[in-house]
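The lines below spell out each chain.
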Amino acid sequence: MKRTIVKLLVLTFSVMMVITGCQKETFKVYAWLEGKVDMPQDELENYFKKAAETGIEGILIECHGGYPVILQDSSSFRDSAALVILRNAAVYAKKYGVELHAWMWSTNRCEANLRELHPDWYQVNGLGQNVATDVKLYNREHYRFLCPSHEESVEYLKDRVRELAEVDGLTGIHLDFIRYPDAILPYGLHESRGVVQDKVYPLWDCCYCDVCRAKFKEQTGKDPLELEDPTSDEQWMQFRWDAIANMASEVCAEIKKCGKVSSAAVFASPEESKKLVRQDWVNFRNADYLFPMIYHHSYAKPDEWVGTATQEGIEALKEAGNPAVLYSGITMPKAEDIPMFVQIVKDAGGKGICFFQLKRTLKHPELWDAIAAIDRTMK
Ligand SMILES: [Zn+2]
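Residues numbered from 1 in each chain as written. Predicted model: local features only at pLDDT ≥ 70, side-chain atom pairs only at ≥ 80, totals over all residues.

Spatial strand order, β7-β6-β5-β4-β3-β2-β1-β9-β8: nine strands in an open sheet with parallel pairing. On the outer flanks of this sheet lie β7 (325-326) and β8 (328-331), each paired with one strand and no other. Across six bridges, strand β2 (residues 58-64) lies against strand β3 (residues 99-105) in parallel orientation. In the strand pairing of β3, Gly 58 is matched with Glu 99. (Pairing = 2+ DSSP bridges. Helix = DSSP H or I, 4+ residues; strand = E, 2+ residues; numbered from the N terminus.)

Our focus in this paragraph is the environment of Ser 153. By secondary structure assignment, the location of Ser 153 is in helix α5 (residues 151-164). Look at Ser 153 and you get buried, because 23 C-beta atoms sit within 10 Å. Note: C-alpha distance between Ser 153 and His 101 (52 residues apart in sequence) is 22 Å. Excluding its chain neighbours within four sequence positions, the residues that come into contact with Ser 153 are Trp 121, Leu 146, Cys 147 and Pro 148. (Buried ≥ 20, exposed ≤ 12 C-beta atoms within 10 Å, placed from the backbone. Contact = placed C-beta atoms within 7 Å.)

The next thing to look at is the packing of helix α2 (residues 41-54) against helix α3 (residues 80-96). Contact pair α2 / α3: the axes reach a minimum separation of 9 Å and the direction vectors enclose 30 degrees. For the element pair α2 / α3, the angle class is roughly parallel. Classified by chirality, the crossing of α3 by α2 is right-handed. Contact residues: Leu 44, Glu 45, Phe 48, Lys 49, Ala 51 and Ala 52 in α2; Asn 88, Ala 89, Tyr 92, Ala 93, Lys 95 and Tyr 96 in α3. Looking at side-chain class alone, the contact of α2 with α3 contains eight nonpolar, one polar and three charged residues. (Axes fitted to C-alpha atoms, helices over the stretch in contact; angles between N-to-C directions. Parallel < 35°, antiparallel > 145°, perpendicular 65-115°, else oblique. Left-handed = near helix turned anticlockwise from the far one by under 90°. Nonpolar A, V, L, I, M, F, W, Y, C, P; charged D, E, K, R; others polar.)

Attention now goes to the pairing of strand β4 (residues 172-176). When you tally the buried positions in β4, you get five out of five residues, the bulk of the element. What you see with β4 is no split at all: Gly 172, His 174 and Asp 176 on one side and Ile 173 and Leu 175 on the other are buried throughout. Bridge count for β4 against strand β5 (residues 261-266) is four bridges, and the pairing is parallel. When the sheet's bridge partners are listed, Leu 175 is paired in β5 with Ala 264.

In this chain, Cys 206 is followed by Cys 207 through a cis amide linkage whose omega measures 5 degrees. Positionally, Cys 207 belongs in the loop between α6 (190-193) and α7 (210-220). The linkage connecting Phe 356 with the following residue, Gln 357, adopts the cis geometry, with an omega of -5 degrees. With respect to the helices, strands and loops of the structure, Gln 357 is situated in the loop between β9 (352-356) and α12 (366-372). Not every positive phi belongs to a glycine, and Ala 300 is a case in point at roughly 55 degrees.

Glancing now at α2. Its 14 residues place the ends of α2 20 Å apart at the C-alpha level, agreeing with the 20 Å of an ideal helix rising 1.5 Å per residue. Among all positions in α2, only Leu 44, Tyr 47, Phe 48, Lys 50 and Ala 51 are buried. Seen along its axis, α2 keeps its buried residues to an arc of 165 degrees; they face one direction. Pointing more than 90 degrees away from the buried face of α2 are the exposed residues Gln 41, Asp 42 and Glu 53. The secondary structure elements touched by the buried residues of α2 are β1 (28-33), β2, α3 and α12. Positive phi appears at Gly 55, one or two residues downstream of α2, with a value of about 80 degrees. (Expected span 1.5 Å × (residues − 1). Arc of directions from axis to C-beta.)

Counting 99 residues, the largest nonpolar core has Ala 31, Ile 59, Ile 61, Ala 248, Ala 264 and Leu 290 as the members making the most contacts within it. The leading source of residues in this core is helix α8 (residues 234-257), at nine residues. (Core = buried A, V, L, I, M, F, W, Y, C linked by C-beta atoms within 7 Å.)

This part is about the environment of Pro 202. Structurally, Pro 202 can be placed in the loop between α6 and α7. Given 15 C-beta atoms within a 10 Å radius, Pro 202 is considered partly exposed. Distance in space between the C-alpha atoms of Pro 202 and Ala 132 is 16 Å, their sequence separation being 70 residues.

With respect to the secondary-structure elements, Ile 314 resides in helix α10 (residues 305-319). For the pair Ile 314 and Gly 350, spaced 36 residues apart in sequence, the C-alpha to C-alpha distance is 7.7 Å. Ile 314 has contacts with Leu 326 and Gly 349, leaving out every residue within four places of it along the chain.

Read these as spatial facts, not as claims about activity.
Encoded structure:
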């Protein structure tokens, strides 16, 4: 009897080894998708059906964006519209076996009721203007950033995470805009946005709210508003890098506590991110995946830069001892260019790619065939 059990155990172990040996790592393909409460059901179903057919691992659907729809209980902060978007999508995610990630805006929260009730939770620029009430940065109505030094802001985001996590069939929660406003816009956008940003100007340099100033003063004895050149003060830069990284790490921990995969969309490369938006994403702890948005045209860079930024990100994560997996986010290219970008990412050591965004397939259905044809093998 004993010998039979031992034989059985050996056999089971051998079978497991064979199975494990066969499971080679594959190159993953993800895609972002704009979400709307009134997206036609057939359109929504088609994205998930096609995703399954073409081997897209998961769809990151925008459920809270720049112009949030407030449905029903607007006196509470429950994001009913986000829940509707996710529940609608979850039906098809389950039907076709595609991962569903809730893509939510994070520090940048534009809901009218929040701005009205808690303007003090929002950031203040170097001119002393509150970004929720006093100024429309870059003339964008949706540029309203919460201050990461306010514990209430962090708790607010955790509340949103918990309510999204209730949706049956949700795989993960994906944080977007987990950063400061652009102190400097990506270089390729300066002309179209009509800005001169040869250096950091106080209009776009945040957060000089009372809480941040007091905290920084307590730590260093300095008032950031009185710094001659705030960007050359290492302690002041570090203070802001830490504030966002701490917030991201806490919210990612909450996502995982809810049993979901945590991820974030971050700026293109670690150094540019710190410089442009004070986002030290290499130190976002508790994130399972990080999706740098390597939109090279916005940075006026050539195609190969997708590989450069991918490599920089992977190396910096490794150096920081951060186990998050990096998937390179790129704007949806022309169908014929997809193999080239996949190769660039693979050559840089990337494990996957994420396309922004699937809506482009409506005008260019040929993209589906190109996505299906992606070589998923890894070296
Ligand atoms: Zn602040």
